[in-house]
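# Breakdown of the fold
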Amino acid sequence: MNFNIIGDIFFPPACVACGDSIARGVLCATCRQGIVGFDTLFCGTCAARLPDQKKICHKDAPFVLGAAAPYDDDALRALIHALKFQGIGAAAEPLAEILAAYVARLGLDLGGGGASGESDAWTVTPVPLSRERARARGFNQSTLIAQPLARALGASYDEHLLARIAHRKPQSDTEDIFERRENIKGCFALAPGADVCNKKIVLVDDVTTSGTTFTEAARILKAGGAKKILALAVAKA
Ligand SMILES: [Zn+2]
Ligand SMILES: [Zn+2]
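These notes cover the structure that comes with them. Keep in mind it's a predicted model, so treat the numbers as computed, not measured. Numbers given for residues are sequential positions, taken from 1 along each chain in its written order. Throughout, the order in which chains and ligands are written sets their labels, letters from A for the former and numbers from 1 for the latter. Where local features are concerned, this predicted model is filtered to residues with pLDDT of at least 70; where side-chain atom pairs are given and counted, the filter is 80 or more; whole-chain, interface and lining totals use all residues. The side-chain numbers reported here are obtained from all heavy atoms of the structure, hydrogens and water having been left aside.

### Some thoughts on the overall build of the protein chain
Which entries qualify depends on this criterion: Numbering of helices and strands runs from the N terminus, with a helix taken as a DSSP run of H or I at least four residues long and a strand as a DSSP run of E at least two residues long. Within these notes, the globule rule equals 2.2 Å times the number of residues to the 0.38 power, and the radius of gyration is based on C-alpha atoms. The rule is simple: take the accessible area with a 1.4 Å probe, protein chains only, and divide by the maximum for that residue type; under 20% is buried, over 50% is exposed, in between is partly exposed. When checking whether two residues touch, look at their non-hydrogen atoms; a contact exists if any pair is within 4.5 Å. In these tables, accessible area is a Shrake-Rupley quantity obtained with a 1.4 Å probe, and a residue counts as shielded only by the protein chains included in the view. Under this rule, positive means Lys or Arg and negative means Asp or Glu; His and the chain ends count for nothing. By convention, the charge on Lys lies at NZ, on Arg at CZ, on Asp at CG and on Glu at CD.
Counting secondary structure elements, the protein chain contains eight helices and nine strands. The C-alpha radius of gyration of the protein chain comes to 17 Å, within 12% of the 18 Å expected for a compact globule of 237 residues. By principal-axis analysis of the C-alpha atoms, the protein chain measures approximately 50 × 40 × 35 Å. Burial status across the protein chain gives 47% buried among its 237 residues. Pairs at least 24 apart in sequence give 69% of the contacts found in the protein chain among residues at least 6 apart. Per element, the accessible surface of the protein chain, about 11,700 Å² overall, is 52% carbon and sulfur. With 27 positive and 25 negative side-chain charges, the protein chain shows a separation of 4 Å between the mean positions of the two kinds.

What follows is the structure, given as structure tokens:
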């Protein structure tokens, strides 16, 4: 189903998770409040929880992982499915809010403007889809989440940092971590004209499972000279 603005406007106001009628939006307050989120960052290599948001195990990990809540949360999964598979674009806003609330809960300031005067600003960028998949779906769900997230964080936004140069089967259709790694290898490149040198980048995706997509995307950004990478997924399986 294609992403359709008109469809959003006329979409009947019912919670996508429990079906209760609501005045506005796509998720009722009860379902929203029922989502129990994470309160730490995770190691980009072994996914261990990082107390105090500091690297403690794999200090050479190319990125630090952030995930707002577990994917087995029914309401969160309903929101993600509404966006991704039902084309309900309005579901992107609460997903971005859930991520922004997680960043706030962790006490991270990604908006920059630090007192030191140096540029502390982070740049938010979505994990790109292949052109084939973007055309088939009509939109990139990560883009729809990353845009309002950047606004909420007060960070800058640039969706032309990474390009997907190979079209493969979805990571969710792979059997195991070994196939996932093989499937994603060589999928990304820096976008034409993109300069990531010394940049602090927030990489956004809807769901992370084994972290292989983030790992491959972060590898390309690091090779391009990126200074820090925070990979943020709304949900972690
Ligand atoms: Zn509900
Ligand atoms: Zn680790």
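Now that the structure has been shown, the text picks up again.
### A look at the coordination of the zinc ion (ligand 1)
Our working definition: Nitrogen, oxygen and sulfur within 2.8 Å of a metal are treated as its donors, or within 3.2 Å for sodium, potassium and calcium (Na, K, Ca); water is not counted, so a site can appear incomplete. Irregular is the label for any site that misses the other tests, which are tetrahedral for four donors with all angles between 85 and 135 degrees, and square planar for four donors or octahedral for six when opposite donors exceed 155 degrees and the remaining angles lie between 65 and 115.
Every protein donor of the zinc ion (ligand 1) is accounted for by Cys15 (SG), Cys18 (SG), Cys28 (SG) and Cys31 (SG), and the metal-donor separations fall at 2.3 to 2.4 Å. Around the zinc ion (ligand 1), the four donor atoms are arranged such that angles at the metal cover 102 to 116°; this shape is classified as tetrahedral. Spacing between the donor residues of the zinc ion (ligand 1) along their common chain follows C-x2-C-x9-C-x2-C. In this pair, Cys18 sits in the loop between α1 (5-10) and α2 (29-34) while Cys28 sits in the loop between α1 and α2, placing the two residues ten residues apart along the sequence. Cys18 sits in the partly exposed class, given a relative accessible area of 39%. The class of Cys28 is buried, set by a relative accessible area of 8%.

### Points about the nonpolar core
Among soluble globular proteins, nonpolar side chains are generally buried collectively. For clarity, the cut-off: To define a nonpolar core, start from buried Ala, Val, Leu, Ile, Met, Phe, Trp, Tyr and Cys residues and group those joined through side-chain atoms within 4.5 Å.
Leu76, Leu99, Tyr102, Ile145 and Leu203 are the most contacted members of the largest nonpolar core, which has 75 residues in total. Examining the composition of this core, we find that eight residues originate from one element, helix α4 (residues 92-105), more than from any other. With sequence-adjacent residues up to four places away left out, Tyr102 is seen in contact with Phe38, Thr40, Leu41, Phe42, Leu65, Gly66, Ala67, Ala68 and Leu232.

### Topic: the pairing of strand β8 (residues 200-208)
Let me state the cut-off plainly: Here, a strand pair is defined by DSSP locating no fewer than two bridges between the strands. Place the viewer so that the strands point away; then a crossover is right-handed whenever the path from the first strand over the helix to the second strand goes clockwise.
For β8, the buried fraction is high: nine of the nine residues fall into the buried class. Two strands pair when backbone bridges link them, and strand β4 (residues 122-126) and β8 are joined in this way by five bridges, in the parallel orientation. Note that in β8 the partner of Trp122 across the bridge is Lys200. Pairing of β8 with strand β9 (residues 228-236) involves eight bridges; the strand directions are parallel. Bridging across to β9, Val207 finds its partner in Ala235. The parallel pair β8 and β9 is bridged by helix α8 (residues 212-223), and the resulting crossover is right-handed.

### Points about unusual backbone geometry
Not every positive phi belongs to a glycine, and Ala47 is a case in point at roughly 65°. In this structure, Asn198 is a non-glycine residue whose phi angle is positive, near 65°. You can see Asn198 is positioned in the loop between β7 (188-190) and β8.

### Digging into the packing of helix α3 (residues 74-84) against α4
This is how the line gets drawn: Axes here mean lines fitted to C-alpha atoms, for a helix over just the part in contact, with angles spanning 0 to 180 degrees between N-to-C directions. Our angle categories are set so that under 35 degrees counts as roughly parallel, over 145 as roughly antiparallel, 65 to 115 as roughly perpendicular, and the remainder as oblique. Handedness of each helix crossing follows the sense of rotation of the near helix against the far helix: counterclockwise by less than a right angle gives left-handed, clockwise gives right-handed. Each residue gets one label: Ala, Val, Leu, Ile, Met, Phe, Trp, Tyr, Cys and Pro are nonpolar, Asp, Glu, Lys and Arg are charged, and the others, such as Gly, are polar.
Viewed as axis vectors pointing N to C, α3 and α4 meet at an angle of 135°, and their least axial separation amounts to 9 Å. With respect to each other, α3 and α4 are oriented oblique. The way α3 lies across α4 gives a crossing that is left-handed. Across the interface between the two elements, Leu76, Leu79, Ile80 and Leu83 of α3 pack against Ala92, Pro94, Leu95 and Ile98 of α4. Residue composition of the contact of α3 with α4, by class: eight nonpolar, no polar and no charged.

Purely geometric stuff here, so don't read any function into it on its own.
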